[in-house]
Amino acid sequence: MPAPPLEIHDMTVAYHRKPVLWDIDLVAPEGQLIGIIGPNGAGKSTLIKAVLGLAPLASGQVRIYGLPYAQQRHLVGYVPQRETVDWDFPVTALDVVMMGTYGRLGWFRRPGAAERRLAQSCLEKVGMQGYAPRQIQQLSGGQQQRIFLARALAQDAHIYFMDEPFAGVDAATEQAIVTLLQSLRDGGKTVFVVHHELQSVRNYFDFVILLNLRLVAAGPTATTFTRQNLQQTYGGRLTILEEAAEAVRLGEPPR
Amino acid sequence: MANWFASLDASLRDAVFVVGVAALTNVACALLGCYLVLRRMSLLGDALSHAVLPGLVVAFVMAGSLNIVYMLAGALAVGLLTTFLTQVVHRQGGVPADASMGVVFTSLFALGVVLIKRYGQGVDLDPDCVLYGQIDLVEFYTVNLGGYEVPRALVSIVPVLAVNVAVILLLWKELKISSFDPALATTMGINAELLFYLLMALVAVTTVASFEQVGSILVIAMLIVPGATAHLLTDRLSRMMLIATALAIGSAVLGYAASLAWNVAAAGPMAVMAGLFYLAAALASPRYGIVSTLVRNAQTSLRIVREDLLAMLYRLEELRVERRLGAREATKAIGAGILGDVGLWSLARRGELKRVDGGLQLTDSGRRRAAGLVRSHRLWEAYLVQHLGLPADHVHTPAERMEHFIGQRLAEHIVADLQDAHQDPHGRAIPAPTTTVPEVATETRRHGDATDEGTEKGGRG
């Protein structure tokens, strides 16, 4: 049996020793659109960052198609949250999309005509071909998000991790992004999307990961996105986990 | 070559030496400065230049003299150490980035001062020299290199500049992506943290190599000002680097000229020149500049006055007022002073208005444009009443503001959203769409909105 695109074993993520995600165990299926759902501060972005090696693991391990991330980088594409970058940076839309090819090129090699053509075609796929020479500050929020998606397409990955691609975009862009994600899925890619708009979950995702400091449930949307699981994800504060995390941070049991 | 150079007039030779060394130093700093400005860590150069002091003292004690190789090694070590400590204080201590920088750099600088007092007898640390450097004396400190007497300054700054240029060219894409999106870079295997340390190492070494020549004021100025100025003038990274280079050289040349005229040390005027370049760019930059903003605002004001005049004349026609309004009356009615006169003149020139028997009269093209404006105005009024639930007597003023900014597409969207797009809330007819497109649409087009292509036709009848 081939290795799954993403497998997480007993992963705990901690910042300054304080755990923010507890004991995650997860196997994700291939070729599906997968929603990562949970309230604010549930650790949705942290889950992605931990998988990509951007957040420190306190314990556990992550496997991408059976191997550690460092060996599988070329299979993975990443779309960070839009506000994590400085849009005043002196680059054009095409430059940003071309950055998607940098990982493949490796150190020192510069992108050439082939990469430029690829970036151009990725811009076309997100309907932004007319905007290639624009400085990125001059684009609307939805257009900036499309540029990020085009960049991910240029990464030509098997698995994509997207952090809130729908945040702050207009309805038309949201629809365009969904269509694009579906076509990626139909092409056999596995796409993880951090999402917090509950109404659209059933329409968008084949598989959901419900998260709130710990894994509440993971499975096909039809059977997993249930009222009971949602109540567990969103209902009540997880006082025990929070107290435990605080105790670890302080280094002693609180009195 | 030696003969050629020796035969030069002494003051000219002096000028070539000073400007040459200053220009090379400035460029070395300005190139790195571009990255610092883009990463919003401009003051790091300032901080690093102080923090390397203990490294310099240790290097001096170990080498027994001001040996440039030892000094650069000391600077490199302490530069990396300070960067590391700043990160640690920031991350582990939960201290904001700027404060952690302040804590580490002031502490190390103070440690350096203590070390000098304790071990550094004979270190040449003249305050004047630290501030201004020895750029004016550059030709008196020479070394013999392959039979030629060359300024000692060149021996330290040329290799440093060469390393900076080589690193930037070799790691162009790596530095670019790790400055723009460090997280993505790291996931791709381009370790952003490593590149950050590399950049800081270059800044530390460049600072120390430049320090002795041009002093701290010019080093700090060159690490920040040319990059910041260039960023105002372009939105391409490569052009930003080239412009910053040109500005760094320009500051050296003009600063030297000013230093002769004012009879002061050259480093100060060079930094002042960089500041003046920035001022000029801030005023004149096409996109962010103060002048161009003023011009844009004036153009918008004039357009609004023109449109107010047209719409007013249209409403008078609509009310079948027989008497023609005079120019004075018209500008007074829309509350515009001299700008109103300019507006009338420009309307006449566009052929949207003519004077008949001393009164103002809309031409056909003027009437079409006016109808478009009144249409926008009344559509907006209707929209506010229907969708925002405002009372009918509250909607005129906001519509008066908005009518100038409603293009064809927005108007269509409003129509689609209204139950009745033929009558405004006051019971007046909303003019039908005309072939003339309001000016606002052509405005958008000029800024290059590809989706609005083709809306301009018939604009200027």
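Model, not experiment: these values are computed from the prediction. Once a new chain begins, its residue numbering starts again from 1 and follows that chain's sequence as written. Naming scheme: in the order in which they are written, chains are lettered from A and ligands are numbered from 1. Selection of residues for local features in this predicted model requires a pLDDT of at least 70, selection of side-chain atom pairs for listing and counting requires 80 or more, and totals for whole chains, interfaces and linings are taken over all residues.

Trainee: Sorry if this is basic, but what is going on with the environment of S259(B) here?
Mentor: Each helix is a run of H or I in the DSSP string that is no shorter than four residues. Each strand is a run of E no shorter than two, and both are numbered from the N terminus. Mapped onto the fold, S259(B) is located in helix α12 (residues 237-262). In sequence terms S259(B) and C29(B) are 230 residues apart; their C-alpha atoms lie 21 Å from each other.

Trainee: Explain the packing of helix α2 (residues 10-38) of chain B against helix α8 (residues 152-170) of chain B here, please?
Mentor: Geometry of a packed helix pair, given as the angle between the helix axes and the separation of the axes. Residues and elements named next belong to chain B. Running from N to C, α2 and α8 point in directions that differ by 30°, and their axes come no closer than 9 Å. By the criterion of interaxial angle, the relationship of α2 to α8 is roughly parallel. Here the hand of the crossing between α2 and α8 comes out left-handed. Along its contact with α2, which presents V21, L24, T25, V27, A28, L31 and L32, the element α8 presents A153, L154, I157, V158, V160, L161, N164, V165 and I168. Residues are grouped as follows: Ala, Val, Leu, Ile, Met, Phe, Trp, Tyr, Cys and Pro are nonpolar; Asp, Glu, Lys and Arg are charged; all remaining types, including Gly, are polar. Looking at side-chain class alone, the contact of α2 with α8 contains 14 nonpolar, two polar and no charged residues. All axes here are fitted lines through C-alpha atoms, helices being fitted over the stretch that makes contact, and every angle between N-to-C directions spans 0 to 180 degrees. Note on angle classes: values under 35 degrees are labelled roughly parallel, values over 145 roughly antiparallel, values of 65 to 115 roughly perpendicular, and the remainder oblique. By definition, any crossing whose near helix is turned counterclockwise from its far helix by less than a right angle is left-handed, and any crossing with a clockwise turn is right-handed. Note that contacts rest on C-beta atoms placed from the backbone: two residues are in contact if these are within 7 Å.

Trainee: Can you walk me through helix α17 (residues 364-388) of chain B in this structure?
Mentor: Since the α-helix packs 3.6 residues into each turn, any two residues three or four apart lie on the same face. Here α17(B) spans 35 Å end to end across 25 residues, near enough to the 36 Å set by a 1.5 Å rise per residue. Phi for G389(B), located one or two positions after α17(B), is positive at around 65°. The span one expects for a helix is its residue count, reduced by one, times 1.5 Å.

Trainee: Whenever I open this one, the domain arrangement of chain B confuses me. Can you help?
Mentor: Where interface size is quoted, it is often the accessible area lost as the parts come together. Domain borders in the structure are assigned automatically or taken from a domain database. For chain B, the assigned domains read domain 1 (16-288) and domain 2 (293-452). For domain 1 of chain B and domain 2 of chain B, the distance between their C-alpha centroids amounts to 56 Å.

Trainee: Whenever I open this one, the interface of chain B and chain A confuses me. Can you help?
Mentor: Contacts between the two partners involve 22 residues from chain B, matched on the other side by 21 residues from chain A. Elements supplying a minimum of two residues to the side of chain B that touches chain A: α9 (172-180), α10 (182-187) and α12 of chain B. Among the elements that take part in the side of chain B that touches chain A, α9(B) stands out by supplying five residues, more than any other. Residues belonging to the side of chain B that touches chain A are distributed by class as follows: 12 nonpolar, five polar and five charged.

Trainee: Got a minute to help me understand the nonpolar core in this structure?
Mentor: Across soluble globular proteins, you tend to see nonpolar side chains buried next to one another. Buried Ala, Val, Leu, Ile, Met, Phe, Trp, Tyr and Cys residues whose C-beta atoms connect them within 7 Å together make up a nonpolar core. Counting other C-beta atoms within 10 Å of a residue's own tells you its class, since 20 or more makes it buried, 12 or fewer makes it exposed, and anything in between is partly exposed; those C-beta atoms are placed from the backbone. Counting residues in hydrophobic clusters, the biggest one holds 165 residues, and the most contacted among them are V97(A), A150(A), V21(B), A22(B), V208(B), M222(B) and A244(B). Per-element tally for this core: the top contributor is helix α11 (residues 192-233) of chain B, with 24 residues. Among the nonpolar cores identified, the runner-up in size contains 18 residues, and L309(B), L310(B), L360(B) and A371(B) belong to it.

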